[in-house]
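Summary of structural features
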Amino acid sequence: QDFYTDPQTGFMVFTETGIRRRGWCCGRGCRHCPYGHWKVEDVSRRKNRIVGPTLLTQRRETDPLPTGPLEVLFWSGGKDSYNSLLARQKEHAASKAAARVVLLTTFDADTGMVPEQGIPIVRVTDQARALGLDILVVPLLSADRGGVSDSAYVETVAAALQQLHGDADGPRSAVKLVFDDLHLADIRRWREEKFGAAGRGYDCVFPIFGRPYPDLLDSLFPAAGGGPEVRVSAVRADW
């Protein structure tokens, strides 16, 4: 059932099933919105929580289907993630190859916080909106509920990825997973072991791994319109 009539007001109310069938958040604050009221502009009115892996999409029914091979960028909301996105966009432009880029962020199911950055998931989803990109958000169980072990993380993320692409994007090896690791070789090996050819079968990409920091700064500052404004306060204390 896609909707029902509210007995008190007489208004038609969309069910979660109906909204999922539509496939996107309309921004009107629907009572049963499973997308966390993503497109509601007033943050204070975003009452609903996302309770399972959910794709927040920019598309509407009249928009054309996305084209190009799928790339899933693991997105923490920080500068390294953004630099990875810039690097991939530059590679796409150079090769004149289109790609469907989807961000992926995991967050604490109880607190709604993104662990790496310590920021609320709503801030990350707003980043995706500002970038004009879809984002797959994946809630993880809190540590005291035993849900953030390596195996639980891999299983949860792998299930979310499978839900995202299904069989529509061909074999998993045709789907790229993009990571923002800079220099920690052990973390890279772990990702490749768990998600790469020997693990889940995806093509793992590390666009900024090993790149010098000055190069990354040069990439970041022009993208920010010439670099952020830096002001020095009048503090006179010794540090």
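This paragraph deals with the overall build of the protein chain. Secondary structure assignment for the protein chain yields six helices and 10 strands. When each of the 239 residues of the protein chain is scored for burial, the buried share is 39%. Summed over its atoms, the accessible surface of the protein chain is roughly 13,800 Å², and 53% of this surface lies on carbon and sulfur atoms.

So, on to the state of the cysteines. Tallying each qualifying case throughout the model produces zero disulfides. The closest cysteine sulfur to the non-disulfide-bonded Cys 30 is located on Cys 26, 3.7 Å from its own sulfur.

With seven of seven residues buried, strand S8 (residues 134-140) lies mostly within the body of the structure. Across the two faces of S8 the burial is the same, with Asp 134, Leu 136, Val 138 and Leu 140 and Ile 135, Val 137 and Pro 139 all buried. Examined bridge by bridge, strand S5 (residues 100-108) and S8 share seven bridges and lie parallel to one another. Within the sheet, the bridge partner assigned to Thr 106 lies in S8 and is Val 138.

Glancing now at the packing of helix H4 (residues 150-165) against helix H5 (residues 185-195). Here H4 crosses H5 at 55°, and the two axes come no closer than 11 Å. The pairing of H4 with H5 is recorded here as oblique in orientation. You can see that H4 and H5 cross each other, and the crossing is right-handed. Mapping the contact onto sequence places Asp 150, Tyr 153, Val 154 and Val 157 in H4 and Trp 190, Lys 194 and Phe 195 in H5. Across the contact of H4 with H5, the residue classes tally to five nonpolar, no polar and two charged.

Further remarks concern the nonpolar core. In terms of nonpolar packing, the biggest core is built from 26 residues, with Leu 56, Leu 103, Val 124, Ile 135 and Val 137 touching the most fellow members. Only S5, helix H3 (121-131) and S8 provide two or more residues apiece to this core. Within the second largest apolar cluster, 21 residues are counted, among which are Leu 140, Val 154, Val 157 and Val 175.

Here the structure, examined in full by the defined rule, presents seven aromatic pairs. Summarising the aromatic geometry, the rings of Trp 190 and Phe 195 are spaced 6.4 Å apart at their centres and angled 80° between planes, so their arrangement reads as edge-to-face. Here Phe 195 falls in the buried class, since its relative accessible area comes to 0%. An aromatic cluster of three or more residues is present, and its members are Phe 74, Tyr 153, Phe 179, Trp 190, Phe 195, Phe 206 and Phe 209.

We now examine the pattern of salt bridges. Under the counting rule described, the total for this entry stands at nine salt bridges. Across the salt bridge formed by Lys 176 and Asp 203, the nearest N and O atoms sit 3.5 Å from each other. Here Lys 176 is found in strand S9 (residues 176-178), whereas its partner Asp 203 is found in strand S10 (residues 203-205), with 27 residues between them in sequence. Each of Glu 71, Arg 88 and Glu 91 takes part in one network of salt bridges that share partners.

All right, on to a nonpolar patch on the surface then. Taken together, the side chains of Phe 3, Met 12 and Phe 14 present a nonpolar region at the surface, about 290 Å² in accessible area. Position of Phe 3 relative to the elements: it lies in strand S1 (residues 3-5). Under the relative-accessibility criterion, Phe 3 is labelled partly exposed at 42%.

Moving on to the side chain of Asp 180. Here Asp 180 lies in the loop between S9 and H5. For Asp 180, which is buried and forms no salt bridge, the nearest opposite charge comes from Arg 191, at a distance of 4.9 Å. At a separation of 2.7 Å, a polar atom in the side chain of Asp 180 contacts the side chain of Ser 81.

Turning our eyes to something else, we now look at the side chain of Arg 191. Positionally, Arg 191 belongs in helix H5. A residue is classified by how much of its surface remains accessible, and Arg 191, at 12% relative accessible area, is buried. Looking at Arg 191, its side chain comes within polar contact range of the side chain of Asp 181, at 2.6 Å. Not counting chain neighbours up to four residues away, the residues in contact with Arg 191 comprise Phe 179, Asp 181, Gly 196, Cys 204 and Phe 206.

Rules used throughout
- Residues numbered from 1 in each chain as written.
- Predicted model: local features only at pLDDT ≥ 70, side-chain atom pairs only at ≥ 80, totals over all residues.
- Heavy atoms only, no water.
- Helix = DSSP H or I, 4+ residues; strand = E, 2+ residues; numbered from the N terminus.
- Buried < 20%, exposed > 50% of the residue type's maximum accessible area, 1.4 Å probe, protein only.
- Areas by Shrake-Rupley, 256 points an atom, 1.4 Å probe, with all protein chains shown as cover.
- Disulfide = S-S within 2.5 Å.
- Pairing = 2+ DSSP bridges.
- Axes fitted to C-alpha atoms, helices over the stretch in contact; angles between N-to-C directions.
- Parallel < 35°, antiparallel > 145°, perpendicular 65-115°, else oblique.
- Left-handed = near helix turned anticlockwise from the far one by under 90°.
- Contact = heavy atoms within 4.5 Å.
- Nonpolar A, V, L, I, M, F, W, Y, C, P; charged D, E, K, R; others polar.
- Core = buried A, V, L, I, M, F, W, Y, C linked by side-chain atoms within 4.5 Å.
- Phe/Tyr/Trp six-rings, centres within 6.5 Å; stacked < 30°, edge-to-face > 60°.
- Salt bridge = Lys/Arg side-chain N within 4 Å of Asp/Glu carboxyl O.
- Patch = residues over 30% accessible without salt bridge, like charges linked within 9 Å, V, L, I, M, F, W, Y side chains within 5 Å.
- Lys, Arg positive; Asp, Glu negative; His and termini not counted.
- Polar contact = N/O pair within 3.5 Å; in protein donor to acceptor, adjacent residues only side chain to side chain.

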